[in-house]
Amino acid sequence: HSCVACVHQLSTRADRAALATFIDDIDKYMVKEGSAEAALEKLQAFYSACKAIEQRMSQRKKRLQAKVPDIESTYNALLQMQQRAEQGESLTVHYELAQCVYAKAIVPVHRENTVCLWLGANVMLEYGREEAIELLERNLAEAKKTLQELHEDQALLRDQITTTEVNMARVFNWDVKERRKAKAAEASEAQ
């Protein structure tokens, strides 16, 4: 199993079972690999790639987990604005003007049907309220779906890492056993 296969299959989410497989017959595996050093090097490369992917996934998951509450908060504020607009009333809000400094505003949501949303990178766009609500609904659904996929991918990756660790231990133990056999054979020949 190559590192490239690990990265490719986790990114496509297809045929995941073919990544790391438990070495059932260690002797047969070692004949195929040639030497313990070659086998361990291959397994270590795969292990390192999986650990790097795990770290990137964790960082991405943290960023998404921080974004979801912001999206929900904005979405809920827009729903409240929409509700007040349908009732023909203004919306009274308290907002943070500066750290620990709040201001009160009366927003005529029943007369204005546009809102501005921060898109990031110092970009703000004006949307119709309904369009903004739809956009935030899609963004929220996509963020939650991506979080669920990341959770599933992390579980798969943990399985891959554990299987690879066990395989590395089995190769190492096989090597120790073979060296002991070789020493025992040398000792019996010397007698």
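Because the structure is predicted, anything quoted here is derived from the model rather than measured.

Conventions and cut-offs
- Residues numbered from 1 in each chain as written.
- Predicted model: local features only at pLDDT ≥ 70, side-chain atom pairs only at ≥ 80, totals over all residues.
- Heavy atoms only, no water.
- Helix = DSSP H or I, 4+ residues; strand = E, 2+ residues; numbered from the N terminus.
- Buried < 20%, exposed > 50% of the residue type's maximum accessible area, 1.4 Å probe, protein only.
- Contact = heavy atoms within 4.5 Å.
- Arc of directions from axis to C-beta.
- Polar contact = N/O pair within 3.5 Å; in protein donor to acceptor, adjacent residues only side chain to side chain.
- Patch = residues over 30% accessible without salt bridge, like charges linked within 9 Å, V, L, I, M, F, W, Y side chains within 5 Å.
- Areas by Shrake-Rupley, 256 points an atom, 1.4 Å probe, with all protein chains shown as cover.
- Salt bridge = Lys/Arg side-chain N within 4 Å of Asp/Glu carboxyl O.
- Pairing = 2+ DSSP bridges.
- Core = buried A, V, L, I, M, F, W, Y, C linked by side-chain atoms within 4.5 Å.

A. Spatial organisation of the environment of T114. Along the polypeptide, T114 turns up in strand 3 (residues 114-120). The exposure class assigned to T114 is partly exposed, which follows from its relative accessible area of 37%. Between the alpha carbons of T114 and T74 there is a distance of 14 Å; along the sequence they are 40 residues apart. Look past the residues within four positions of T114 in its chain and what remains in contact with it is E126, Y127, G128 and R129.

B. Expanded view of helix 2 (residues 26-33). Within helix 2, the full set of buried residues consists of I26, Y29, M30 and E33. Looking down the long axis of helix 2, one finds its buried residues gathered within 95° of arc, a one-sided arrangement. Those residues of helix 2 that are exposed and aimed more than 90 degrees away from the buried face are K28, V31 and K32. Residues of helix 2 that are buried in the fold lie against helix 3 (36-87) and helix 4 (129-190). For helix 2, the capping residue at the N-terminal end is D25, with a side-chain oxygen 3.3 Å from the backbone nitrogen of D27.

C. Expanded view of a nonpolar patch on the surface. Side chains of Y95, L97 and V101 sit close together on the surface and give an oily, nonpolar patch of about 280 Å² of accessible area. Here Y95 lies in strand 1 (residues 91-98). Judged by its relative accessible area of 38%, Y95 falls in the partly exposed class.

D. Up close: the pairing of strand 2 (residues 101-107). Both strand 1 and strand 2 contribute to a ladder of 7 bridges, which runs antiparallel. When the sheet's bridge partners are listed, Y95 is paired in strand 2 with A103. The hairpin formed by strand 1 and strand 2 contains 2 residues between the paired strands, and C100 there has a positive phi angle of roughly 65°.

E. Representation of the nonpolar core. In terms of nonpolar packing, the biggest core is built from 40 residues, with I26, Y29, M30, L78, L117 and V171 touching the most fellow members. Contributions of two or more residues to this core are made by helix 2, helix 3, strand 3 and helix 4. Top element by residues in this core is helix 3. It accounts for 15 residues. Excluding residues within four positions of it along the chain, I26 makes contact with R170, V171 and W174.

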